[in-house]
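Architecture at a glance
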Number of protein chains: 2
Amino acid sequence: MAQLKAGYLFPEIARIRNAHLEKNPDAKIISLGIGDTTEPIPKPITDGMVAAAAALGTKEGYSAKGGYGPEAGQMELRKTIAEKLYKGTPITYEDVFASDGSKCDISRMLQMFGSGRKIAVQDPSYPAYVDSSVIMGHSTGFNDAVKQYENITYMPCGAENDFFPDLSAAKSAELIFFCSPNNPTGAAATRAQLTELVNQALESGSIIIYDAAYSAFVGNPDCPKTIYEIPGAEKCAIETCSFSKYAGFTGLRLGWTVFPEALKFSDGSSVRQDWTRMMGTSFNGASTVAQGAGLACLTDAGLAAMGDMVAFYKENAAILKRTWEEMGYKVYGGTDAPYVWVSFEGRDSWEVFTEILDKTDIVTTPGAGFGPAGNGYVRCSAFGSRENINEAARRLKESFSK
Amino acid sequence: MAQLKAGYLFPEIARIRNAHLEKNPDAKIISLGIGDTTEPIPKPITDGMVAAAAALGTKEGYSAKGGYGPEAGQMELRKTIAEKLYKGTPITYEDVFASDGSKCDISRMLQMFGSGRKIAVQDPSYPAYVDSSVIMGHSTGFNDAVKQYENITYMPCGAENDFFPDLSAAKSAELIFFCSPNNPTGAAATRAQLTELVNQALESGSIIIYDAAYSAFVGNPDCPKTIYEIPGAEKCAIETCSFSKYAGFTGLRLGWTVFPEALKFSDGSSVRQDWTRMMGTSFNGASTVAQGAGLACLTDAGLAAMGDMVAFYKENAAILKRTWEEMGYKVYGGTDAPYVWVSFEGRDSWEVFTEILDKTDIVTTPGAGFGPAGNGYVRCSAFGSRENINEAARRLKESFSK
């Protein structure tokens, strides 16, 4: 813990936002900061959730789903996830573990793998990978000169390499974090790129921790929605995903992680079996009401409603992307992801973040918060009401047109 | 992970139960095994929960409580817990962190404290303390001769010491797990005993991790419901608690852990601040619907309903206790806890467990599953319908009368 250089990114940003509000009590803040959903949960899904909640008040309902559930999740939910989201892949329901979210699973995974592992991450990347690794003792300290933690391999992803890293840096890594569509850059990896990643991991004996939290936003048919579309991935990859961004479950807490049966440690023992033991010891199942809501998500009506919601946020992303482009900025992401990654080449991203907040009362996220290669960029999240997104576009144009 | 000698206790027992059912498909199994609540959640509480769920379908409700909540829990819930359950103690709402349960918090705590800590536990005790410690690298291996993990101090608690340990063994411990009312022995520590514990921790610089999951069952006015009734505890103790056994939230997942402001590491830095960072990195808040239900628990109607539920389970415990006593067994616990701890002195507890299952189709928990000093006992949980408890009593009398 003592090695961590700063507070976790998003609480830090919330602190700065609150300080700004204190100084400017009349500011009408618009948050394009943390990727937090804003639209209500669609009715077919809330109906399922309300029914799950009400059932806990009845003798029958409580005895069916009221007590301790299996740590891996309700069988019906695991089966439905496997059937609706992993059809045509080698994944079975026994590989699917429901949980209270990817962030929590990532921390538990790093705990399971034990300290001192060689870890590689995309740079920039979702800060929980590195921060959880540091807490779990996978790093030996912070190197202030390069703004990187020791013993963690940072693989730069920028405009110069089309946001896909030079994987050769990760050849000796035991664990490779890879997020696609990427948070924060919005880049979705293609089938060819993921095949390269999988092949290298198979060759080097690395385990990929594949974060697919934004896979619902993939529109490009050349970009897989799950890594298990790539042959061999079931032997080298864990995939973690979530209902948060699909269905507005950020506060409800429901995700899942896939540990394929074929994934083994170098001694041939089962990773899935260790995960089962890990979950049994440190977790007691996702909230039964959240699991009921998750099941409702995967009905035909639920899937359709989620599709509408994702389309809505994608339209927001398109508006933001267009806005920055029209102002003359280089912009990445925003087509297969809810994040728009804006280049302010040569500038310090915290400074740009502050300037945007001061001039427009809009909260973004400074790219450097995701790793040193994120400096020079800011991330704009497309989660917001249409009204707020349009108003944000107006304010940005007023103050940041080149 | 590799150091763990066996699967986590309760999934193991579920496995044995299922095997028994396969061999005896007509068996009418009664579970007095895992301490899992069986009665529906009372109406004033499900009403609150249903309202919280339904609100997520509305624009207003979603924007109030739908997105990422604070990792430490909704302010209103933290304030209400502090006000209703810690009045008259030094604890403020800022010290209270809501979560998805004590078991999960225990694992995160052991992660936060870093590996290689000197840990002391009551023996027997809730298996998550030791298992999570082993996973986190606080032990160096298992000593088969004494059935204990190395580098963990086991403090035996048995009839011979009235289930309160000789604390001198824990003088060099950095972390002391203490559970009262105790799981599995059912013993509730008195004010004098807890004062001894707190004073020693203050003197030795140990941190107590006090598990108060069963405090609602305390009837004896000489036994505190929270360790913060003891002067100085706020300087040496973390307290973890849960709605699970109060209100039937085992599947809903809502608990809390108290990190008092006055609790410092030996270098004077704040433990609460590290916990805040830990939760920010590895957790995203308890499910908002569970938090809504938790708030409903703490209204006057909710508190009254929880009181009725606890009284119901206590009556179950009294029935079980009386049953064993009438058959001539020495029985402990069961008055200030939902657990009845039955002595089978000189016998192997797994053997007794199997005999009970084979003869009566009743699942109990073998004492040895909680640590070596638990051998010679079985734990009977009082969670069950009255009908099942009475039927269990009848079957036990039929097969186990001395």
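Computed from a predicted structure; not experimentally measured. (Residues numbered from 1 in each chain as written. Chains lettered and ligands numbered in written order. Predicted model: local features only at pLDDT ≥ 70, side-chain atom pairs only at ≥ 80, totals over all residues. Heavy atoms only, no water.)

1. Quick word on the nonpolar core
- In this structure, Ile 208, Ile 227 and Phe 249 of chain A together with Ile 208, Ile 227 and Phe 249 of chain B are the most contacted members of the largest nonpolar core, which totals 122 residues.
- For Ile 208 of chain B, the contacting residues outside a window of four places in its chain are Ile 176, Phe 178, Leu 197, Val 198, Ala 201, Ile 227, Cys 236, Ala 237 and Ile 238 of chain B.
- Leu 9, Phe 113, Val 130 and Phe 370 of chain B belong to the second-largest nonpolar core, a separate cluster that totals 100 residues. (Core = buried A, V, L, I, M, F, W, Y, C linked by side-chain atoms within 4.5 Å. Buried < 20%, exposed > 50% of the residue type's maximum accessible area, 1.4 Å probe, protein only. Contact = heavy atoms within 4.5 Å.)

2. Quick look at the domain arrangement of chain A
All names here are of chain A.
- The domain boundaries assigned to chain A delineate domain 1 (9-40 + 302-400) and domain 2 (46-299).
- Placing a centre on the C-alpha atoms of domain 1 and another on those of domain 2 gives a separation of 25 Å.
- Counting from both sides, the interface comprises 30 residues of domain 1 and, opposite them, 37 residues of domain 2.
- Carbon and sulfur atoms make up 65% of the area that domain 1 and domain 2 hide from each other, which totals about 2500 Å².
- The largest per-residue losses of area from domain 1 upon contact with domain 2 belong to Met 306, Asp 336 and Phe 370, which jointly make up 24% of the total buried on that side. (Domains from an automatic or database assignment. Buried area = accessible area lost by both parts, 1.4 Å probe.)

3. Some words on the relation of the copies chain B and chain A
- At an RMSD of 0.0 Å, chain B and chain A line up after a rotation of 180° and a shift of 0.0 Å along the axis. Here the symmetry operator amounts to a two-fold rotation axis. Across chain B, the rotation axis passes nearest the C-alpha of Val 50 of chain B, at a separation of 2.7 Å.
- Mapped onto chain A, 100% of the interface residues of chain B again fall at the interface, so both copies present the same surface. (Least-squares fit on C-alpha atoms with pLDDT ≥ 70 in both.)

4. Quick word on the packing of helix α1 (residues 9-23) of chain A against helix α12 (residues 349-360) of chain A
Residues and elements named next belong to chain A.
- Between α1 and α12, the least distance of the axes is 11 Å, while the angle of their chain directions is 35°. Seen along the crossing, α1 lies across α12 with a hand that is right-handed. Mapping the contact onto sequence places Leu 9, Ile 13, Ile 16 and His 20 in α1 and Trp 350, Phe 353, Leu 357 and Asp 358 in α12.
- By residue class, the composition of the contact of α1 with α12 is 6 nonpolar, 1 polar and 1 charged. (Axes fitted to C-alpha atoms, helices over the stretch in contact; angles between N-to-C directions. Helix = DSSP H or I, 4+ residues; strand = E, 2+ residues; numbered from the N terminus. Left-handed = near helix turned anticlockwise from the far one by under 90°. Nonpolar A, V, L, I, M, F, W, Y, C, P; charged D, E, K, R; others polar.)

5. Quick notes on the sheet that holds strand β9 (residues 237-242) of chain B
Residues and elements named next belong to chain B.
- Here 7 strands make up an open sheet; going across it, the order is β2-β10-β9-β8-β7-β3-β6 and the pairing mixed. Each edge of the sheet is formed by a strand with only one pairing partner; in this case those strands are β2 (96-99) and β6 (152-156). Sheet twist, expressed as the average angle between the axes of neighbouring strands with direction ignored, equals 20°.
- Contacting β7 (175-179) and β8 (207-211), helix α7 (residues 191-204) crosses the sheet at an angle of about 150° to β8. (Pairing = 2+ DSSP bridges.)

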